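Geometric and topological summary
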Amino acid sequence: MTYRWLGATAAALLALACSAARTTSTLAYAGDAEATIPALEAEIAAEGFKPICKEEAFCRFDLDETLRVHFKATSKGLVLIVDVLDGKELPPDELEERRAAGEKRAREIWKRAEKRALRDEENARVAAREKAARDAAEEEAEEKSGNKPNPTALLDMLDSVQARTSQGGSTEAPGATAEASFSARCCINGAYYSCPDTASLNQCGGETASCLMGCQSSGSSSSCEDKCLKDHAPDPKSCTRDRAKDSECAR
């Protein structure tokens, strides 16, 4: 047979495929097979080999010039493939000896990678649960602070609200009466909200702050502030919460 129509590299690969002997087996794993690839890559490298890996798909490496190992993540689990590169040219006994040696070394690496992968998966689950708990606690705290805001802090925060008109001008809020097309921020107890229009800005806290300022300018008692918070409670439901900008709010 001649390979004149093939390039040198293609011919070499075809020759290798024709001479290699391959065995395949499935590795038991309690987690997600795709999640094992980073752990396998780390353990293969730790053994001094050079892994070639694709995220969530496979890792392969050469044990030596005659043995190549593949770990492949599939929908049915993790598959171990051992290629004896010149296997079809070997006597059966020698072929089996090399294959067994390659599989043994591959399974030793897998044993360590399995522990690492399970640990990494558990750490990821714990981190996700902790983040969910923190987010829930923050949401609860925001809801409580929105129901019972500190009058002085609310005034300080809303004093800095600016409604930016489409022409680039600015109108100080609360009680802003800016152009219809603008973006505005509303800060309630250190929580930043982006409001799409004047109505949502006033609902978020503009009406509350206007009422509180009226109490301060008239020298009214704290009962005036209590009435403002009851009759004009801040309501940011028409605005969008943006935690990344909380630092822009006064504390």
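Every value quoted in this text rests on a predicted model; they were computed, and no experiment measured them. (Residues numbered from 1 in each chain as written. Predicted model: local features only at pLDDT ≥ 70, side-chain atom pairs only at ≥ 80, totals over all residues. Heavy atoms only, no water.)

**Side note on the nonpolar core**
Short version of the rule: Among buried residues, those of type Ala, Val, Leu, Ile, Met, Phe, Trp, Tyr and Cys that are joined through side-chain atoms within 4.5 Å constitute a nonpolar core. Buried means the residue's accessible area, taken with a 1.4 Å probe over protein chains only, is under 20% of the maximum for its type, while exposed means over 50%, and partly exposed covers the values in between. Comment: elements are numbered from the N terminus, with helices defined as DSSP H or I runs of at least four residues and strands as E runs of at least two. Two residues form a contact once any of their heavy atoms are found within 4.5 Å.
Counting 25 residues, the largest nonpolar core has Leu40, Phe61, Phe71, Leu78 and Trp110 as its most contacted members. Among the secondary structure elements, those contributing two or more residues to this core are α2 (37–46), β3 (58–62), β4 (67–74), β5 (77–84) and α3 (92–147). Ranked by residues supplied to this core, first place goes to α3 with five residues. When residues no more than four places from it in sequence are discounted, the contact partners of Leu40 are Cys59, Phe71, Leu78, Trp110 and Ala113. By size, the runner-up hydrophobic cluster in this structure holds nine residues, among which are Cys186, Ala191, Cys195 and Cys204.

**Some thoughts on the sheet that holds strand β1 (residues 21–27)**
Sheets are built from strands that pair by backbone hydrogen bonding, the pairs being arranged parallel or antiparallel. Condition: Criterion used throughout: strands pair if DSSP finds at least two bridges between them. Between the N-to-C directions of two axes lies an angle of 0 to 180 degrees, each axis being a line fitted to C-alpha atoms and, for a helix, fitted only over the stretch in contact.
Taken in spatial order, the five strands line up as β1-β5-β4-β3-β2 in an open sheet, and their pairing is antiparallel. Because the sheet does not close on itself, it has two edges, and the strands there are β1 and β2 (52–54). The mean inter-strand angle of the sheet, taken between neighbouring strand axes irrespective of direction, is 10°. Direction of pairing for β4 relative to β5: antiparallel, over a ladder of eight bridges.

**Some thoughts on the pattern of salt bridges**
Heads up, the condition is: Each salt bridge in this description consists of a side-chain nitrogen of Lys or Arg and a carboxyl oxygen of Asp or Glu lying within 4 Å of one another.
Summed over all chains, the structure comprises 20 salt bridges. A salt bridge links Arg243 to Glu138, with the nearest nitrogen and oxygen atoms 2.9 Å apart. Linking Arg243 in the segment after β10 (240–241) with Glu138 in helix α3, this pair joins segments that are 105 residues apart in sequence. What makes Glu138 partly exposed here is its relative accessible area of 35%. Connected through shared salt-bridge partners, Glu43, Glu47, Arg105, Glu108, Arg112 and Arg116 make up one network.

**Describing the confidence of the model for the chain**
Caution is warranted with low-pLDDT regions, since their predicted coordinates should not be read in detail. For clarity, the threshold we go by: A residue's pLDDT is simply how confident the predictor is in it, with values from 0 to 100.
When pLDDT is averaged across the chain, the result is 78; 73% of the residues are at 70 or more. A low-confidence stretch, residues 1–17 stays under pLDDT 50, and its non-local contacts, those more than four residues away or across chains, total six contacts.

**Let's talk about the environment of Ala233**
The topology assignment puts Ala233 in the loop between α6 (222–231) and β10. A sequence separation of 27 residues divides Ala233 from Gly206, and the C-alpha atoms of the two residues are 9.9 Å apart. Beyond its immediate chain neighbours, meaning those up to four positions away, Ala233 contacts Gln203, Thr208 and Cys228.

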